[in-house]
Amino acid sequence: MSLDGDRRPSTEHLLPGSLDHSWNDTAQERMSSKASDQHGHEPSAAATEVNADGPSSSSTGFADFTEAPDEAVYRVYKRRFFGLTQLILLNIVVSWDWLTFSPVSTSASQYFDVSESAINWFSTGFLFAFVFISPVVIYTLNKGGPKTSIIVASVLVLIGNWIRYAGTRASGGLFGVVMAGQMIIGLAQPFVLSAPTRYSSLWFSDSGRVSATAVASLANPLGGALAQLITPFWATDVTGIPSMVLYTAILSTVASLPSFFIPASPPTPPSAIAADTRLSLRQALHEIPTNASFYLIFIPFSVYVGQFNAVSSLLNQIFEPYGFSETDAGIAGAILIVVGLVASAIVSPIVDRTKHYLLIIKICVPTVAASYLVLIWMPVTRTVIGPYIVCAVLGAASFSLLPCALEYLVLITHPVSPEISSTLSWTGGQLLGAIFILIMDALKGAPGEPKDSMKRALIFQATIAWIVVPLPLMLGYWRFKRTGLLRLRSADSRTSN
C-alpha cells in the first residue's frame, strides 16, 4: 500500500494510547521467526502506524511524508473506541441478563413457585440458545461485519428484557413468559460475545489487538460479577424480584441504543493481518478441521468456559448448604470476576508487547485446573476466607488465559477470518456449560454431607479440568508447529512489497 509513489507518513504521528504502539520487525527477528513460532510469538509486518484521527504537524492537516520505501502504511482511528465501548456495554448487560436470577435462586424459586432446578434453566436455556443461533452468528459476522452483529444483538436484548419484565409483573409471575424473554436474550449473546476478535482485527493494530479483545471479551464476565454483587441487594426477598427485573431492563435498554450509530469499518486497515486476504466462509470451514493446533486450544477453551459458566450459575447452590448466605456467594462471584479483570488488565498489555501467547497459556491452564481441585474442599471450611482466595486465583488465571487463547486462535488459523474460530470456541464453551450445569445439578447430595451438597459435582468438575491440561502443553511441538503464523509472515512480505 502506498501514498504518492514512495512517500510514506512518518512515525511522528503514532497513537500514544495504551492499546496501540508501533511494533516493527527487524531482519534479525525474521531470521529467528521459526524459533519464535514455537513460543507463540506473533510476527508483524514492517509498517508505519498512523493515527488518522489525530493531530497533524502540517498546516494543511496532513501528516509529514518521509522516504521509507520498504514500509507499508497502516492507520488506526480514534473512532474505533466508540465501537469498542459499545461492544463492552453490550457484553456487560447480556451477561447481567444471563445471571439475573442465579444469585437469588431461592427467592426466585419462591416467587415463580418452581424448584431451584427450574430456576437453573434460566441459565442453562440461555446457553443452549447460544448454540442454536451460532451458525447465523458466523454468517452475520463474516458477511455483515461487527456493526451488523452488534445491532442484531441490541434489538434482541431490548425485546427479551421487556418480555421478561412483562412476565414477571403478571399476576403471580408467568415463568414461561419470563423463560421466553430469557431465550431471546440468549440468542443475542453470541452476536456480541463472538465479535471482539473480529472487531479488534478490523480496527486495532498488532500491538493493540490482545488488549482490545481482552476488554471486550472480559466485559461479559464483568456483567456476571455485577449481577452476582448487585441483584441480591435489589431483591432482598421475594417481593423484590419484579423491581430487580425492571432495573435490569432499564440498564439493558440504555446500553443498547447507541449501537445504531457506531462506524462500520475503518477506511484503511490497521495491520497486515487485517489487510491480508481472508478465506471464504466455505474455504474456512474446510480449513479449520485440518489444523491440528486448533483443537489444542479449542478443547480446553470450551471446557474451561463451560466450567466457568457452570460455577457462575451454581455458586449460590455450591455454598448455601454449608451455611453461606446469598450475599456471601454473591461476593465470592464478584471476587472471581473482579480479580480476574484486574489480572487481565495487567497481563494483556504485556502480551501485546512481548507476544508470549504460549507462555501465558501454558502457565494459566494448570493454574485453572489446580483451582478447581482446591475448590472441592472450600465449602466445608464454612468460612469465607478460603473460598474467596480460591475464587480470586481461579478468576486471575481464567481471565488472563481467555484473551490470549482467543488471539492465538486467530494466529494459528490465519487466513481464516477471526469470527469463525472465535464463534466455534465460544459455542463449545456454552454447550459444555449447559451440559455441566445439568450434570452438576444431578450430582447434588453426597454421603456425610449437608442436604443438596455439591461436593460430588465439584469432584466431577476438577476431574474434567485436569483431563484437558496436557493438550495446550503440546502446542509448539511435533506436528503442532504448523500454524497460520507462516502464512501470516507470507502476507507480511506481500504487503511490504
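Residues numbered from 1 in each chain as written. Predicted model: local features only at pLDDT ≥ 70, side-chain atom pairs only at ≥ 80, totals over all residues. Heavy atoms only, no water.

1. Description of the nonpolar core
Thinking step 1. Formed by 105 residues in total, the largest nonpolar core has its most connected members in Ile297, Tyr304, Ile361, Tyr372, Tyr408 and Trp426.
Thinking step 2. Counting residues per element, this core draws most heavily on helix 15 (residues 385-413), at 15 residues.
Thinking step 3. Counting residues in each nonpolar core, the second largest holds 14 residues, with Tyr111, Tyr165, Met179 and Ile241 among its members. (Core = buried A, V, L, I, M, F, W, Y, C linked by side-chain atoms within 4.5 Å. Buried < 20%, exposed > 50% of the residue type's maximum accessible area, 1.4 Å probe, protein only. Helix = DSSP H or I, 4+ residues; strand = E, 2+ residues; numbered from the N terminus.)

2. A few points about unusual backbone geometry
Glycine aside, residues mostly have negative phi, and peptide bonds are mostly found in the trans state.
Thinking step 1. Even without glycine at this site, lysine 355 takes up a positive phi of about 65 degrees.
Thinking step 2. Within the secondary structure, lysine 355 sits in the loop between helix 13 (326-354) and helix 14 (357-375).
Thinking step 3. The phi dihedral of aspartate 452 is positive, around 65 degrees, even though this residue is not glycine.
Thinking step 4. Following the sequence through the fold, aspartate 452 ends up in the loop between helix 16 (418-442) and helix 17 (455-467).
Thinking step 5. Of the residues examined, aspartate 452 reaches a relative accessible area of 39% and is grouped as partly exposed.

3. Structural notes on the packing of aromatic side chains
Thinking step 1. For the coordinates displayed, the defined rule picks out 21 aromatic pairs.
Thinking step 2. Centroid distance tyrosine 199 to phenylalanine 204: 6.4 Å. Interplanar angle 55 degrees. Geometry classified as tilted.
Thinking step 3. With a relative accessible area of 0%, phenylalanine 204 lands in the buried category.
Thinking step 4. Cluster of aromatic residues (ring-pair linked, three or more members): Phe101, Tyr111, Phe112, Phe122 and Phe175. (Phe/Tyr/Trp six-rings, centres within 6.5 Å; stacked < 30°, edge-to-face > 60°.)

4. Describing helix 8 (residues 209-234)
Thinking step 1. Helix length check: helix 8, at 26 residues, gives a terminal C-alpha distance of 37 Å against a target of 38 Å (1.5 Å per residue), a fit within 8%.
Thinking step 2. Of all the bends in helix 8, the greatest, near 35 degrees, is centred on alanine 219, and the proline proline 221 appears no more than four residues after it.
Thinking step 3. When you tally the buried positions in helix 8, you get 19 out of 26 residues, the bulk of the element. (Expected span 1.5 Å × (residues − 1). Bend = angle between axes of the 7 residues up to and from the residue.)

5. Quick word on the packing of helix 12 (residues 292-319) against helix 14
Thinking step 1. Between helix 12 and helix 14, the shortest axis-to-axis distance is 12 Å and the interhelical angle comes to 30 degrees. Considered as vectors, helix 12 and helix 14 are oriented roughly parallel to each other. Helix-helix and strand crossings are classified by hand; for helix 12 and helix 14 the assignment is left-handed. Contacts between helix 12 and helix 14 involve Ile297, Tyr304, Gln307, Phe308, Val311 and Phe319 from the former and Ile361, Val365, Val368, Ala369, Tyr372 and Leu375 from the latter.
Thinking step 2. A class-by-class count of the residues in the contact of helix 12 with helix 14 yields 11 nonpolar, one polar and no charged. (Axes fitted to C-alpha atoms, helices over the stretch in contact; angles between N-to-C directions. Parallel < 35°, antiparallel > 145°, perpendicular 65-115°, else oblique. Left-handed = near helix turned anticlockwise from the far one by under 90°. Contact = heavy atoms within 4.5 Å. Nonpolar A, V, L, I, M, F, W, Y, C, P; charged D, E, K, R; others polar.)

6. Concerning helix 3 (residues 80-98)
Thinking step 1. In this model, helix 3 (19 residues) spans 27 Å end to end at C-alpha, consistent with the 27 Å of a helix rising 1.5 Å per residue.
Thinking step 2. With respect to burial, helix 3 is a largely interior element, 14 of its 19 residues being buried.

7. Let's talk about a nonpolar patch on the surface
Thinking step 1. Where nonpolar side chains cluster on the molecular surface, the patch consists of Phe82, Val155, Ile159, Leu257, Phe260 and Phe261 and spans about 550 Å² of accessible area.
Thinking step 2. With respect to the element layout, phenylalanine 261 can be found in the loop between helix 9 (241-256) and helix 10 (272-275). (Patch = residues over 30% accessible without salt bridge, like charges linked within 9 Å, V, L, I, M, F, W, Y side chains within 5 Å. Areas by Shrake-Rupley, 256 points an atom, 1.4 Å probe, with all protein chains shown as cover. Salt bridge = Lys/Arg side-chain N within 4 Å of Asp/Glu carboxyl O.)

8. Re empty space enclosed by the protein
Thinking step 1. Here the structure, examined in full by the defined rule, presents four cavities of 30 Å³ or more.
Thinking step 2. Within this model, the largest cavity holds a volume of roughly 230 Å³.
Thinking step 3. Tyr304, Val305, Phe308, Leu402 and Trp426 are the residues nearest the centre of the largest cavity, which is lined by 16 residues in total.
Thinking step 4. Every element with two or more residues in the lining of the largest cavity is listed here: helix 8, helix 12, helix 14, helix 15 and helix 16.
Thinking step 5. Per-element tally for the lining of the largest cavity: the top contributor is helix 12, with five residues. (1 Å grid on protein atoms, 1.4 Å probe; cavity = no way out; pocket = protein on both sides within 12 Å on 5 of 7 lines; lining within 4 Å. Points joined across faces, edges and corners; volume = space filled by probe spheres on them.)

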